[in-house]
Each structure stands twice: as C-alpha cells, then as structure tokens.
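# Residue-level structural notes
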Amino acid sequence: MTFTSTIGSLWLGATLAADPGRAATPESTPARPVLVVLSAASTQTLADGTTRATGFFLNGFYEVKRGLDGAGITYRVATPQGRRPALDPESLNEKYWASHPEWRDEAVHWFEHAAEVQNPQDLRVAATTPEAFSAVLVPGGQGVMVDLLRNASLHSLLLDVGRSKRPIGLVCHAPAVLAELPKDTSPFVGRRVTSVSNIEELYIERVVMGARARDRKIGRSLRRAGLRHRAAFPGRSNATRDGNLVTSQNPFSGDAFVELFLAALVGAKG
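Description of the structure in this document. Every chain is numbered independently, its residues counted from 1 as its sequence is written. A pLDDT threshold of at least 70 governs which residues receive local features in this predicted model, and a stricter bar of 80 or more applies before side-chain atom pairs are shown or counted, although totals over entire chains, interfaces and linings include all residues. Water and hydrogen atoms play no part in the side-chain values, which are based on all heavy atoms of the structure.

## A word on the packing of aromatic side chains
Here a pair means two rings of Phe, Tyr or Trp (six-membered ring of Trp) with centres within 6.5 Å. Their orientation is stacked below 30 degrees between planes, edge-to-face above 60, and tilted elsewhere. Per the stated rule, a full pass over the model turns up 7 aromatic pairs. Judged by centre distance (5.3 Å) and plane angle (70°), the rings of Phe-61 and Tyr-75 are edge-to-face. Of this pair, Phe-61 sits in helix H2 (residues 58-70) while Tyr-75 sits in strand S4 (residues 75-79), and the two are 14 residues apart along the sequence. Comparing Phe-61 with Tyr-75, the two get one shared label, buried. Ring centres of Phe-257 and Phe-261 lie 5.5 Å apart, and the angle between their planes is 15°; this geometry places the pair in the stacked category. Runs of E in the DSSP output that reach at least two residues are strands. Runs of H or I that reach at least four are helices, and both are numbered from the N terminus. Three exposure classes are used, based on accessible area relative to the maximum for each residue type with a 1.4 Å probe and protein chains only: buried under 20%, partly exposed in between, and exposed over 50%.

Right, dumping it as structure tokens:
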C-alpha cells in the first residue's frame, strides 16, 4: 500500500489518538491555511568563495503538499521579498524520489506552473499577520542557509506561532533556523529535534557541493542553542515530533515527516 492510499487512515488515526471515540471530520482540520516558507536563493557562496546553484528541495515540500491536499488542508506560499522560489537542481536527482518515483515529474510540473509558485506572498507581509495561519512549514535545502537562516521575518513568525502552540514543521536544513532564535525567549529550548547530520553535511560538501558551506554543523548549533538534537544513521528516514514542533533529518524522511506533521495539524485550533 502506498503512502498516498494510506493518508486518510493516518489522518483518522491521529484524530482518534488525540481524542478517542471522535471520528475525523472536516472540522478536525484547521480552517486557516498553513504558511509554507520557501527559499528564493538561487545561488550559494561557499567557504572557498566559489558559488553554486541552490534553492529549496522539491520533494521536501511536494511530499508534504500531497499530504495536505489529501487531508483537505490548505496552504499559502511565502518567500523573502515575494520572489519566485528557487529550486535546488540537486533535488531533481532520482535517488531522492526512490519511495515515490512517479511523483518527480508531477512535482516539476507543479513547480513550473502553480500559481502559488509564480506569485508567492512576501514573507515580511506574512509575518505581520501570524494569526492568519494555522501552522508554519519550512522545507529544506541549502537555500535555507542563504536567505532564511537569519531572516528576521521568519524568526518572528516562528516565535509567535511557536508560543501559541500551533504546529511548526522544519525539514532537513530548516531546523537550523531554531539555533538563530534568542535563547531567552525561544519556546523551543529543551525540545527534541533532528536535522541533517554532521556526516550527511560532510558528504554533501564533498560529493555534491565540492567545498564547505559557510554555515554548517547544524546539530552542534542546535545543541548549543539549548535544543535536544539527535540524528539517525546517514541516509535513513528520521522525523521527530515534540509537541507542536516537527522536524526531519533528510530528503529520505518524507513519509515519516508527513505523518507526524499531519498528526500535529489535526485538531489544531483554527
């Protein structure tokens, strides 16, 4: 049975777990949309001064999109300055789509033609109305490290949504943003998280990028920021939920992340 065919049962199971005896209904899903924050950084400067093409990882969002669509949950896309999202060409590698190879071309078509990709909301504008969203989702990719890692608007959104205990989903590189939040006011200090591991970062730098990234060792940064970071064996599926915070380790963790993120969304207020 594929993940697509089981999405309804996962959603129902999450609802029943939260409130035994209550069946999943349209009212169980949040009325407000999920805000999806995508990187618009198309290039990345490495530690040795060279540059490479970058962006967000396509499957890091598209797998979640299918889950949201299947559960009847709407979403909105925002980027820095409302620019068109940038797609990391590495994310088109077939190895990242091994679990759902038929979704790759479908996802590319979505990226090339979807209205929300062509005209995303300005992240600064979205940050002024955090109450308009039921949750925040940040897919991964090295683009996150370029234009989202220290983005004040994203920081503001995560703090506001996190304090209100609405769901936050951070994929692969995206959990690095948590380490940039002020430790004395962050609602995430002490939470369990995962992210791309040090070994995976090293592999990416040597095999994919050809040089070290300027911002790296995400796990160490998260631990120093007071989070309880733990990663699985490189290349293995790994996702973690601690309350309203859902994080995943790598592009191979899509199914696990979607299950946990949907469970956090079901029954979320508004």
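From this point, the narrative continues.
## Topic: the nonpolar core
By nonpolar core we mean a set of buried residues, namely Ala, Val, Leu, Ile, Met, Phe, Trp, Tyr and Cys, connected to one another through side-chain atoms within 4.5 Å. Within the largest apolar cluster, 69 residues are counted, with the highest numbers of intra-cluster contacts made by Val-34, Leu-68, Trp-110, Leu-137, Val-138, Leu-178 and Phe-261. Per-element accounting of this core gives the leading share, 6 residues, to helix H10 (residues 254-265). Throughout, a contact is declared for two residues whenever any of their heavy atoms are within 4.5 Å. Once residues within four sequence positions are removed from consideration, Val-138 is found in contact with Val-37, Val-144, Leu-148, Leu-154, Gly-169, Leu-170, Val-171 and Ala-174.

## Here's the deal with the packing of H2 against helix H3 (residues 103-113)
Lines fitted to C-alpha atoms define the axes here, with helix axes fitted over just the stretch in contact, and angles between the N-to-C directions of these axes take values from 0 to 180 degrees. One way to put it is that H2 packs onto H3 with a least axis distance of 10 Å and a crossing angle of 95°. When the axis of H2 is compared with that of H3, the two are roughly perpendicular. From H2, Leu-58, Phe-61, Tyr-62, Glu-63, Lys-65 and Arg-66 reach across to H3, where they touch Trp-103, Glu-106, Ala-107, Val-108, Trp-110 and Phe-111. Angle categories are assigned with fixed cut-offs, so that under 35 degrees is roughly parallel, over 145 is roughly antiparallel, 65 to 115 is roughly perpendicular, and the rest are oblique.

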